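Breakdown of the fold
Next come the chains, spelled out residue by residue.
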Amino acid sequence: QVQLVESGGGAVQAGDSLRLACAASGRTFRGYTMGWFRQAPGKEREFVADIGWSGRNTYYTDSVKGRFTISRDNAKNTVHLQMNNLKPEDTAVYYCAASSRCSGSGCPSSEYGYFGQGTQVTISS
């Protein structure tokens, strides 16, 4: 079992930044690909970014490339999502996820076995 707890969400204005954190506990964190997903009201959960176990390989959905950065610290069992130049369309609940099956490069949520409870991000124009 892997337990994931997100933090760092909030309500900010367009152009601002937020840094989301995900703290993992339970089974060995190092071997898991970690991802961030988001779900806006009335929409399906969508992939945002992922990072391989070594931290060297990252992948982003097109809409956040150049604005978001995913990183991980295996020694501290944490994953971060730095979000810059936020836009109203980034408004969603953001979920941290862990996968022992996905090797990175944008795997769908079905490849992830563990999700956190989510943190709300609201961007006003």
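Model, not experiment: these values are computed from the prediction. (Residues numbered from 1 in each chain as written. Predicted model: local features only at pLDDT ≥ 70, side-chain atom pairs only at ≥ 80, totals over all residues. Heavy atoms only, no water.)

Quick notes on the sheet that holds strand β1 (residues 2-7)
Strand-to-strand pairing in sheets goes through backbone hydrogen bonds, with the strands running parallel or antiparallel. Which entries qualify depends on this criterion: Strands qualify as paired when DSSP identifies two bridges or more between them. Segments assigned H or I by DSSP are reported as helices when at least four residues long, segments assigned E as strands when at least two residues long, and all are numbered from the N terminus. Between N-to-C directions, angles span 0 to 180 degrees; the directions come from axes that are lines fitted to C-alpha atoms, helices contributing only their stretch in contact.
Here four strands make up an open sheet; going across it, the order is β1-β3-β8-β7 and the pairing antiparallel. In this open sheet, the two edge strands, each paired with only one partner strand, are β1 and β7 (68-73). With strand direction ignored, the average angle separating the axes of adjacent strands in the sheet is 15°. Examined bridge by bridge, strand β3 (residues 18-26) and strand β8 (residues 78-83) share six bridges and lie antiparallel to one another.

Description of the state of the cysteines
Defined simply, a disulfide is a covalent bond joining two cysteines at their sulfur atoms. Applied cut-off: Any cysteine sulfur atom paired with another within 2.5 Å is treated as part of a disulfide. Note on classification: 1.4 Å probe, protein chains only; a residue is buried when its accessible area is under 20% of the maximum for its type, exposed when over 50%, partly exposed between these limits.
Within the structure shown, the criterion is met by two disulfides. Disulfide pairing places C22 opposite C96 at an S-S distance of 2.1 Å. Its S-S torsion of about -75° marks the bond between C22 and C96 as left-handed, since a negative value means left-handed. Taken as a pair, C22 in strand β3 and C96 in strand β9 (residues 92-99) lie far apart in primary sequence, 74 residues in all. A relative accessible area of 0% means that C96 is categorised as buried. One disulfide bridge connects C102 with C107, the sulfur atoms lying 2.1 Å from each other. Its S-S torsion of about 90° marks the bond between C102 and C107 as right-handed, since a negative value means left-handed. Judged by relative accessible area, C102 falls into the buried class, the value being 6%. Accessibility expressed as a relative area gives 13% for C107, which makes it buried. Of note for the protein: the bonded cysteines, numbered N- to C-terminal, pair according to 1-2, 3-4.

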